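Residue-level structure breakdown
If you want the building blocks of each chain, they are given just below.
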Amino acid sequence: MTNRETAAVELHAVTRRYGSGESGVTALDRVDARFGRGTFTAVMGPSGSGKSTLLHCAAGLDRATSGRVLIDGVPVEGLSERNLTKLRRARVGFVFQSFNLVPALTAAQNVALPLRLAGRRPAAGEVDAVLGEVGLAGRAGHRPSELSGGQQQRVAIARALVTRPAVLFADEPTGALDAASGAEVLRLLRASVDQHGQTIVMVTHDPLAAAHADRVLFLADGRVVDELHGPADAELVAVHTARLETARTVVA
Ligand code: ADP
């Protein structure tokens, strides 16, 4: 059951350390973040700032060293691996830079996979409807090798959306695409927020991509150090990014 009062994902004082002692690295340092339902957040920051770690902890792929993570109102700390996997399958969608489609399966079979993993037989027309949403109604029978990069990423988005997850995490979803295909992918992500109230958290290096979000979080050294609210333009995102890079250079 979904509680509309809670955010799709909440992080409370989340710390993630790798290793221990002097050689240990604090990848996330007491991060607080709330991803409200139906919002689109971009996460930016220099390489090594903790973006992937934030995404993995927020998605229940990795566990925080300390602090609390709630996915769709469910605290993940107390869950067994088995129940965490179940929670992820039911309520979290993923889109990666490298598409990660199963090469031997058709587009429709790839999209149906999360439903089958959850032990559910897709209802008639369910997969076709989601493929239609991403503009690939005519490609259901094609294998990934028969599709362009942009089309493969649209299949991956359909696969992520088919379970109607509480939150979709996208890790550099346009990183492997040309500008036109990347723009199409961003348009689709934006449409899923506007038309279906989807919640999206997207890690990106690209100010143009981040400009599609409602909010941009900037990470540096494992902390949220800056935030932009409201639809931002790419130029403003770039200015904030440059300001952070300059601050880091001065400190270094
Ligand atoms: P980003 O995604 O912004 O590039 P990451 O979250 O990958 O940053 O990494 C944050 C910090 O944590 C970096 O210093 C990185 O070297 C370190 N780190 C990430 N994963 C591991 C790991 N599995 N083991 C040790 N250190 C790690």
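Everything quoted here is computed from the prediction, not taken from an experiment. Chains are numbered independently. Their residues run from 1 in the order of the written sequence. Residues qualify for local features only when their pLDDT is at least 70, as the model is predicted, and side-chain atom pairs are given and counted only at 80 or more; totals for whole chains, interfaces and linings, by contrast, use all residues. With hydrogens and water set aside, each side-chain value is computed from the structure's full complement of heavy atoms.

1. Things to note about the sheet that holds strand β6 (residues 92–95)
Operational definition: Pairing between strands is defined by DSSP: at least two bridges between them are needed. Strands here are runs of E lasting at least two residues and helices are runs of H or I lasting at least four, both read from the DSSP assignment and numbered beginning at the N terminus. Structural elements are reduced to axes, namely lines fitted to C-alpha atoms, with helices fitted over the stretch in contact, and the angle between N-to-C directions of any two is expressed from 0 to 180 degrees. We call two residues contacting when some pair of their heavy atoms lies within 4.5 Å.
The strand order β6-β7-β8-β3-β9-β10 describes an open sheet built from six strands, whose pairing is mixed. The open sheet has two edge strands with one neighbour each: β6 and β10 (223–229). Along the sheet, successive strands turn relative to each other by an average axial angle of 20 degrees, direction set aside. In terms of strand pairing, strand β3 (residues 40–44) meets strand β8 (residues 200–203) through four bridges, oriented parallel. Paired with A42 across the strands is M202, a residue of β8. In the packing of helix α5 (residues 149–161) onto the sheet, the strands contacted are β6 and β7 (167–171), and the crossing angle to β6 comes to about 170 degrees. Of the strands in this sheet, β3, β7 and β8 are in contact with helix α6 (residues 179–196), which crosses β8 at around 155 degrees.

2. Some details on the packing of helix α3 (residues 107–117) against α5
Helices that pack against each other are described as a pair by the angle of their axes relative to one another and the distance between those axes. The criterion, for reference: The labels follow the angle: roughly parallel below 35 degrees, roughly antiparallel above 145, roughly perpendicular from 65 to 115, and oblique for the rest. Left-handed describes a crossing in which the near helix is turned anticlockwise from the far one by less than a right angle; the clockwise case is right-handed. Nonpolar residues are Ala, Val, Leu, Ile, Met, Phe, Trp, Tyr, Cys and Pro. Charged residues are Asp, Glu, Lys and Arg, and all others, Gly as well, are polar.
Axis separation between α3 and α5 bottoms out at 7 Å; the angle between their running directions is 30 degrees. The angle between α3 and α5 falls in the class roughly parallel. As α3 runs across α5, the sense of the crossing is right-handed. When α3 is examined against α5, the residues A107, N110, V111 and P114 are found in contact with a partner set consisting of V155, A158 and R159. A per-class count over the contact of α3 with α5 returns five nonpolar, one polar and one charged.

3. Details of the environment of A183
Within the secondary structure, A183 sits in helix α6. Spatially, the C-alpha atoms of A183 and N100 are 20 Å apart, while their sequence positions differ by 83 residues.

4. Notes on the packing of α5 against α6
At their nearest, the axes of α5 and α6 sit 9 Å apart, and the two run at 15 degrees to each other. Relative to α6, the element α5 lies roughly parallel. Crossing geometry of α5 relative to α6 is assigned as right-handed. Along the contact surface, α5 presents G150, Q153, R154, I157 and L161, while α6 presents S181, E184, V185, L188, L189 and S192. Class assignment for the residues of the contact of α5 with α6 results in five nonpolar, four polar and two charged.

5. A closer look at the nonpolar core
Condition: Residue types Ala, Val, Leu, Ile, Met, Phe, Trp, Tyr and Cys, when buried and joined through side-chain atoms within 4.5 Å, form a set referred to as a nonpolar core. In this scheme, a residue with accessible area under 20% of its type's maximum is buried, one over 50% is exposed, and one in between is partly exposed, where area comes from a 1.4 Å probe on protein chains only.
By size, the foremost hydrophobic cluster in this structure holds 44 residues, and its most contacted members are L131, L168, L189, M202, V216 and V237. Examining the composition of this core, we find that six residues originate from one element, α5, more than from any other. Listed in part, the 27 residues of the second largest apolar core include V31, A33, L55 and V76.

Interpretation in functional terms is not warranted from these geometric data alone.
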